[in-house]
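# What the coordinates show
Next come the chains, spelled out residue by residue.
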Amino acid sequence: MFTFIPRSLFEQFRRLANVYFLLISILMLIGTYTLYYDSPLDPWSTLIPLIIVLVISICKEGAEDLKRHRADKQTNYRVAQKISSSPTETTQDLYWQDIRVGDIILLHNNDEIPADMILLSSSEGNGVVYIETANIDGETNLKLKNSARTTRSGPAWQSPQDIKDLQMIIQCEHPNSSIHHFNGTLFWEGKEIAVDSSNFLLRGSAIRNTSWALGAVVYTGQQSKIVLNSRRAPSKMSSVERSMNNLIYLVFSAQVLLSTLSLICYIVWSAYYYSQLMYLCYNYESSSNPLYRDGCIKATDYSDSGYFFTFFILYCNFLPISLYVTVEFCNYIQAFYIDNDLEMYDKNTDTPALARTSNMNGDLGMIEYVFSDKTGTLTQNVMTFRQCSIGGEVYGDSPSESSDDDTRMSTLRSSGTINGKSLDVLRERSGEVQSVYADFVFVLSVAHTVVIDRDTGAYQSESPDEFALVQAGRELGWKFVKRTPEYVTVTRLRSGEPATEKLEEMKFEILATIPFDSTRKRMSVIVKHPISGETVLFCKGADNIIFDRSVGYAAGSTRENLERHLGMFASDGLRTLALARRTLTADDVERFMSIWREAEGSVVGRSELVARAAALVEKSLTVLGVTAIEDKLQEGVPQTIADLGNAGVKFWVLTGDKVETAINIGYSCRLLGPEMVLIRLQETGEGLDVVKHRIEVLLRQLKCITEDTDTVGEIWSSVQEAIKSSISPLPQSPSLLQSLISSYCSNSNSASKPLTSNAQYTGTTSLGGGMGNDSSGHERQDSHAFLDRPPQSPALEDLTSDHLALIVDGDMLTRLLGDPHAEKLLLILARICKSVLACRVSPEQKRLLVKLVKRGISPHPITLAIGDGANDVAMIQEAQVGVGISGKEGRQAVNSSDFAIAQFRFLKRLMLVHGRTDYRRVSKVVLYSFYKNIVLTFTLFFFQFFCGYSGLSFFDDYIYSSYNFILAFPVIGFGIFDQDISAESLQKHNMLYVTGRERQDMNIAVLGKQLLQATVDAVIIYFIPYANFHVSDVNTENGKLDGIWVFGSTVFTCLILSQLARCAWLTYTWTWLSVLFWLGSALFFYLFILSYQYIAYFYDYYNVTTHMMDLPLFWMLCFLVPVMTMGVEVTLSLIQREFYPTLIDVCVEYDRGYGNSDEGMRGQNMFASPEGSDSYDAEARLRLSNIAGKRKFPLDWKSIKEMYGRLGIDEREGLGMHNTSEGPRASSFNFDYVTREYGPGAGLMFISNAFQKVGNAIFESIRGTTGSSREEFSQPDVGYKDPTNFSME
């Protein structure tokens, strides 16, 4: 509580409006209790509302902070077991928060590790421990950790009791954020024992399949690696609030200008009428009349400069005091909608969506970049064995299309996809123990590091790939049943017989297990065959790696045959792996084991020794066949990414996985396509200057494309002609809106026209106001049309291409990040590419990449980061909006996020529906709040012309202060209920998201328009009553005199009614609560002014309201003034919608049934082409218009291939560039070459029939229409320019 109040107050006064009203309150107090100037308003009329607003906001923040505090307390008070120094007990319980460095912690199976520690011993004979890191990185597969080698045979302690009297010194590196590296030394009994990351247990990971383990704590709390990769939860200010602050600057400037103008008018007026102002006691000291001097002795004479503050206080309502509390209340209700949205409820895990920070709701509708983790976020991390190829035959069926919720997947399948023989056939053939089929299955069942859970009997693996392969071995007849340090036991199962019945058992003696690494791209085991007695190497790995080390193919198969099958598997998006074997001689084994034993006992240079040993035996292989595994994405991931891309959102994947795995997922998610050039920035040991030079050369070549005016003109002509030739006819409208929508199609300067129907329109339409015909048939040019701008050389920052993808690894990022020039080059290149995949990155690097985009691009984009593990916390906190995936993977990401969802697919609805709707609602609330207060302030300004510029208010202080509260409920009404377009339409037509992404609803220009309209309305509201009161004698016929309060209260009533009328006009959606809020505000106002006249401490206001309501003129004005103000509003709105409609104007009308169907967009696809038409759908039109609307220059496939050809071979290899249309070479594991016929990208380019027409026109060479050969694109240095001339735009 002691820190909460100061921090909360700090947060409240980061909001400029609160600082402003605090300043106003201080000025009022000075003006009231000093003689420097006069305050026209009571200071408590502002202080009390300010205090109420602050208390409400602080209470709301306190409620949200309490949730976080409870989560932290739950973690800190978890119980761990420490090895006790007491002779009477072995262990003692202690809370996690009390664990200290040097403690020996006893862990049991399934325990979560409370601190970073060095593994000393475990219940396993060889001292290993199986670790699950789901809480950290979302990986549910197991990792193997080894105890420190305190003795040659393993750990020195075999039970917790053995370690009670341990005396040991641990020397290790200082706390750091590198979770993949650790180095230290144990000093015990005169020995120095080296330890590394293989002996290191990270806080947050969990023990699996191990009865107990002992660890020595080295880092705790804030010094643990996972915490060092995170940071304190940042104080996030929403972009809506930042925009409000910017708007406040404009309004504040207007207030200063108005106060200055009033001061000048006062000085001029006072000088002109000085001789007539004796009653004001000017210069009474110098008067010769003693009576005059005595009468003025107590008068206050304010300086001219002091009147500036008088006017400044008088116009203080330029800013609405209730703005923030109104917005926060609306945000709170909108968060309630998110929490209770059944469309984002996951039944499988019983997990609803959760808005943990309500003030970020509007930012969800403004996202430009999404940064996503891979494992557990995009994927299920579950793999399934589907098919295999042995002896030239395929076994198994391709993935079931019906299992994929994406109905478009059927169009993605390659024509070469086949269904093979039944796996039961292979199962029977593998029963011949010394056949190629049995060896194939033995590789699956023996060559792995899988263990069996003691409690459940389930397989536990280091990777989902291994689990799928071992499970496949079981299905194919050889079940893995037992593992010891020396043996692996498999049992033969036959079809139709109980899985528990042992029919034939084979025990393979394990001589060595050579683990997989990203350099070798394979893993092997060396075993003694139980039947033949031979020493056999079983190997599995990347197909091209295995093929290059092979000397033959088993069962009459050939490499060409296997490569053909690989292409077929990859066309279904399956991950492929090659299996091989080799019989080793005694000499081979002896040479291998000598190096292998040295590698096992070494810490320094161990990986090099392992590679040397593996190279001796992993050669002269016989290829047995290939496997195909389906890596299942989460439901709806490809469609969600595609829809967010259509909405104009850039998508980056940041993962700790290998490059190969990330690229595979990139194809599965459709981040990568078959017609792309992949740019791979990977650490090769070269200097940073070399890397920067190569990026500059690449950017120079991209720039060369745009410097060719013919190329620029050709591309834009293709875009324009494609759009002109594919615009669908406009439907007839059954109402007055026909002319509105027709005018939109012929006159709009909007970038898109999503209007189609079976009904026909006789006019010719064009996109973006390009070439078209007006109603008279004359060709028309729109000067605002982006497609008609003359070709010019765009800057590098304006380039974009759907045919470039950037892949960068963590080691390269370590060198690039921190160098300003390298960061700039990386960011420019990344912005040009369609997709970016960062692999093997640490949590800190994820955060730095988000920060690079967030701060390196101008204007600063709104970023969103989504992840599910503790390693995603840093980027979630760095991004403007953080989203955590809740579920079985842990709560760290959720606890650090602004929003939590159960499945990645819910992100689409969260952004496109809730985000966009909340952004529009909040924008309307903010703009209307400013508008109504500007009108109020200008009425006071106009009154100064008739009160001698004295700073007098003709509103009672407390009636004046009630203005914002009286009008608060109608504003809240459309802030929580209003919806311009239905949720169904928003999800169906993704490009409507452009409203928030481009910030079209709330910016300085929009506020400027509101300011002008408010000025016009203020003229009507003030001068119409003034004219009537000025000329009318009716007011005094009953003997009661009118005065300033009657006139002021009449103007105030007209003002309230006019604002209520405009609020009703702006409302799209009416509910019974909206009506109640609107009518309740009007009724409350009348009751308030009727009662206030009798309770006001200011006696001059006594009975004013009753006298005012007795006047017929008052009731006439109550009708006349709102009608006149709304007449102006309606006229301007109709003109705007008639001649300058926006995309949203048209979409709103169609969504509400003003098209050819009573159901509007919900009853028909507004963006679809008419039935029988082959023109492309307007979704593509919107996509193109969106790119061009931001003045981006789209580089087509032809241009990219020409650029690729101009690069020299050295530059290509240095950047790891690969043209995916080159080949053929099948490798969906190594991913060096991927084609449309081979590899994981085969067939994964979705182009619908509707989009085909525009696609052909814009990107002529995509489908080979240019007739260019591959050789033409592989000639280096064609048109090459000197890279020294490279210049950044």
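Before going into details, it helps to say that this report is about the structure given with it. (Residues numbered from 1 in each chain as written. Predicted model: local features only at pLDDT ≥ 70, side-chain atom pairs only at ≥ 80, totals over all residues. Heavy atoms only, no water.)

## Considerations on the overall build of the protein
The test is simple: A run of H or I in DSSP counts as a helix once it spans at least four residues, and a run of E counts as a strand once it spans at least two, with each numbered from the N terminus. Residue exposure (1.4 Å probe, protein chains only): buried if accessible area is under 20% of the type maximum, exposed if over 50%, otherwise partly exposed. Any two residues whose heavy atoms approach within 4.5 Å are treated as being in contact.
From N to C terminus, the protein includes 43 helices and 38 strands. Looking at the 1289 residues of the protein, the share that counts as buried comes to 58%. In the protein, the proportion of contacts linking residues at least 24 apart, taken out of those at least 6 apart, comes to 74%.

## Observations concerning the sheet that holds strand E12 (residues 212-219)
Put simply, the rule reads: Should DSSP find at least two bridges between two strands, the strands are regarded as paired.
Pairing within the open sheet is antiparallel, and its 6 strands lie in the order E2-E1-E3-E12-E4-E10. Edge positions in the sheet fall to strand E2 (91-95) and strand E10 (200-201), since each of these pairs with one other strand and no more. Sheet topology places strand E4 (residues 116-122) next to E10; 2 bridges connect them, and they run antiparallel. Note on E10: the bridge partner recorded for Met117 is Leu201.

## Examining the pairing of E12
Counting buried positions along E12 gives 8 out of 8 residues, so the element sits mostly inside the fold. As paired elements, strand E3 (residues 104-108) and E12 share 5 bridges and run antiparallel to each other. Bridged to Ile105 within E12 is Gly215. Judged from the 6 bridges that link them, E4 and E12 form a sheet pairing that is antiparallel. Among the inter-strand pairings, Ile118 is bridged to a residue of E12, identified as Ala216.

## Points about the packing of aromatic side chains
For clarity, the threshold we go by: Ring pairs are drawn from Phe, Tyr and Trp, using the six-membered ring of Trp, whenever the two centres fall within 6.5 Å, and their geometry is named by plane angle: stacked under 30 degrees, edge-to-face over 60, tilted for the rest. Only lysine NZ and arginine CZ atoms are considered, and such an atom sits over a ring when it is within 6 Å of the ring centre and within 35 degrees of the ring normal.
The tally for this structure, following the rule as stated, stands at 61 aromatic pairs. Here the aromatic rings of Tyr369 and Phe371 are separated by 6.5 Å at their centres, their planes lie at 20 degrees, and the arrangement is stacked. The interplanar angle of 75 degrees and the centroid separation of 5.7 Å between the aromatic rings of Tyr1022 and Phe1047 together place this pair among those described as edge-to-face. On the criterion of sequence distance, the pair formed by Tyr1022 in helix H33 (residues 1004-1031) and Phe1047 in helix H34 (residues 1044-1066) is long-range, its members being 25 residues apart. Just as Tyr1022 is buried, Phe1047 falls in that class too. In this structure, Lys507 is placed above the aromatic ring of Tyr487, and the distance from its NZ or CZ to the ring centre is 5.4 Å. Here the guanidinium or amino end of Arg1062 rests over the ring plane of Tyr931, the centre of that ring lying 3.9 Å away.

## Some details on the packing of H34 against helix H35 (residues 1072-1095)
This is how it is decided: Angular values range over 0 to 180 degrees, each being the angle between N-to-C directions of two axes fitted as lines to C-alpha atoms, with helices fitted over their stretch in contact. Each angle gets one of four labels, with under 35 degrees taken as roughly parallel, over 145 as roughly antiparallel, 65 to 115 as roughly perpendicular, and the rest as oblique. Ten residue types, Ala, Val, Leu, Ile, Met, Phe, Trp, Tyr, Cys and Pro, are classed as nonpolar, four, Asp, Glu, Lys and Arg, as charged, and the remainder, Gly among them, as polar.
Where H34 meets H35, the axes come as close as 10 Å, and the angle between the chain directions of the two elements is 175 degrees. By the angle class used here, H34 and H35 are roughly antiparallel. Across the interface between the two elements, Phe1052, Thr1053, Ile1056, Leu1057, Leu1060, Ala1061 and Ala1064 from H34 touch Trp1078, Ser1081, Ala1082, Phe1085, Tyr1086 and Ile1089 from H35. Broken down by class, the residue content of the contact of H34 with H35 amounts to 11 nonpolar, 2 polar and no charged.

## Concerning the nonpolar core
The nonpolar side chains of a soluble globular protein tend to be buried, and buried together. The line we're drawing: Within this scheme, the nonpolar core is defined by two criteria: the residues are buried Ala, Val, Leu, Ile, Met, Phe, Trp, Tyr or Cys, and they are joined through side-chain atoms within 4.5 Å.
Among the nonpolar cores identified, the biggest contains 151 residues, and Leu864 and Leu907 are the most heavily contacted of them. Here this core takes 21 residues from helix H27 (residues 906-944), the largest share from any one element. In this structure, Leu864 is in contact with Leu364, Ile367, Tyr369, Val370, Phe371, Ala879, Val881, Val883, Leu907 and Met911, ignoring residues within four places of it in sequence. Counting 45 residues, the second largest nonpolar core, distinct from the first, contains Leu688, Val808, Val836 and Leu849.

## Some thoughts on the packing of helix H30 (residues 968-976) against H35
In helix packing, the relevant descriptors are the interaxial angle and the interaxial distance, both defined with respect to the helix axes. Stated formally: Handedness of a crossing follows from how the near helix is turned relative to the far one, being left-handed for an anticlockwise turn of less than a right angle and right-handed for a clockwise one.
Direction vectors running N to C along H30 and H35 enclose 165 degrees, while the axes themselves pass 8 Å from each other. It follows that H30 is roughly antiparallel to H35 by the angle criterion. Seen along the crossing, H30 lies across H35 with a hand that is left-handed. Across the interface between the two elements, Phe969, Pro970, Ile972, Gly973 and Ile976 from H30 touch Ser1074, Phe1077, Trp1078 and Ser1081 from H35. Residues belonging to the contact of H30 with H35 are distributed by class as follows: 6 nonpolar, 3 polar and no charged.

## A short note on a nonpolar patch on the surface
The condition is simple: Excluding any residue in a salt bridge, patches collect residues exceeding 30% relative accessible area, merging like charges within 9 Å and nonpolar Val, Leu, Ile, Met, Phe, Trp and Tyr side chains within 5 Å. In these tables, accessible area is a Shrake-Rupley quantity obtained with a 1.4 Å probe, and a residue counts as shielded only by the protein chains included in the view. Salt-bridge detection follows one rule: a side-chain nitrogen of Lys or Arg within 4 Å of a carboxyl oxygen of Asp or Glu.
On the surface, a nonpolar cluster with roughly 530 Å² of combined accessible area is contributed by Tyr33, Trp44, Ile48, Ile52 and Ile56. It is helix H3 (residues 44-76) that provides the largest number of residues to the nonpolar patch, a total of 4 residues. Among the secondary structure elements, Trp44 is positioned in helix H3.

## Describing the sheet that holds strand E8 (residues 183-188)
Pairing in this open sheet of 3 strands is antiparallel, and the strands run E7-E8-E9 from one edge to the other. Each of the sheet's edge strands pairs with one partner strand only, and the pair in question is strand E7 (169-172) and strand E9 (191-196). Averaged over all neighbouring strand pairs, the angle between strand axes comes to 20 degrees, with direction disregarded. Pairing of E8 with E9, which is carried by 6 bridges, proceeds in the antiparallel orientation. Residue Gly184 lies in a different strand from E9, and its bridge partner there is Val195.

## Quick look at the state of the cysteines
Inclusion rule: In this description, the term disulfide denotes a pair of cysteine sulfurs within 2.5 Å.
All told, the structure shown has 0 disulfides when counted by the stated rule. Free of any disulfide, Cys1118 has its nearest cysteine sulfur in Cys1054, 5.0 Å distant.

## Here's the deal with unusual backbone geometry
The omega angle of the peptide bond from Ser858 to Pro859 is -5 degrees, so this bond is cis rather than trans. Relative to the helices and strands, Pro859 resides in the loop between helix H24 (843-856) and strand E34 (862-867). A positive phi is found at Asp350, a non-glycine position, where the angle reads about 55 degrees. Turning to its location among the elements, Asp350 is positioned in the loop between helix H9 (323-339) and strand E13 (354-355).

## Focus on the pattern of salt bridges
Tallying each qualifying case throughout the model produces 33 salt bridges. A salt bridge links Lys846 to Asp872; the nearest nitrogen and oxygen atoms lie 2.7 Å apart. One end of the pair, Lys846, is in helix H24; the other, Asp872, is in the loop between E34 and helix H25 (873-878), with 26 residues separating them in the sequence. For the pair shown, Lys846 and Asp872 are each scored as buried. In this structure, Asp980 and Arg920 form a salt bridge, with 2.3 Å as the shortest nitrogen-oxygen distance. Taken together, the positions of Asp980 in the loop between H30 and helix H31 (983-988) and Arg920 in helix H27 put the pair 60 residues apart, joining distant regions of the chain. Summarising the burial analysis for this pair, Asp980 and Arg920 share the class buried. Among the ionic contacts, a cluster of salt bridges with common partners joins Glu844, Arg847, Lys854 and Glu878.

## Considerations on the environment of Phe974
Structurally, the position occupied by Phe974 is in helix H30. When its relative accessible area of 1% is taken as the criterion, Phe974 is described as buried. Residues Phe974 and Ser1074 lie 100 residues apart in sequence; the distance between their C-alpha atoms is 7.2 Å. Not counting the four nearest positions on each side in its chain, Phe974 is found in contact with Arg921, Lys924, Val925, Tyr928, Cys1063 and Thr1067.

## With respect to the side chain of Ser982
Applied cut-off: Two N or O atoms form a polar contact when they lie within 3.5 Å of each other; inside protein one atom must be a possible hydrogen donor and the other a possible acceptor, and for residues adjacent in sequence the pair counts only when both atoms belong to side chains.
Checked against the element boundaries, Ser982 lands in the loop between H30 and H31. A distance of 3.0 Å separates the side chain of Ser982 from the side chain of Ser985, its partner in a polar contact.

## A word on the environment of Gly392
Relative to the helices and strands, Gly392 resides in the loop between strand E15 (379-390) and strand E16 (393-395). Accessibility expressed as a relative area gives 28% for Gly392, which makes it partly exposed. A sequence separation of 162 residues divides Gly392 from Ala554, and the C-alpha atoms of the two residues are 9.3 Å apart. If we ignore the near neighbours within four places in the chain, the residues touching Gly392 are Ser557, Asn561 and His565.

## Describing H24
Applied cut-off: A helix is expected to span 1.5 Å multiplied by its residue count minus one.
Under the 1.5 Å per step criterion, the end-to-end length of H24 is 20 Å for 14 residues, consistent within 8% with the ideal 20 Å. When H24 is considered as a whole, its buried residues turn out to be Pro843, Gln845, Lys846, Arg847, Leu849, Val850, Leu852, Val853 and Lys854.

## Comments concerning the pairing of strand E32 (residues 804-809)
Counting buried positions along E32 yields 6 of 6 residues, so the element is predominantly enclosed. As paired strands, strand E28 (residues 677-681) and E32 are joined by 5 bridges and run parallel to one another. Each residue of the ladder has a partner; that of Leu678, found in E32, is Ala805.

## A word on the environment of Asp809
Within the secondary structure, Asp809 sits in strand E32. Since its relative accessible area comes to 8%, Asp809 is described here as buried. For the pair formed by Asp809 and Val841, sequence separation is 32 residues and the distance between their alpha carbons is 6.5 Å. What Asp809 contacts, discounting residues up to four positions off in sequence, is Val659, Leu681, Gln682, Glu683 and Cys839. A distance of 2.9 Å separates a polar atom in the side chain of Asp809 from the backbone nitrogen of Met812.

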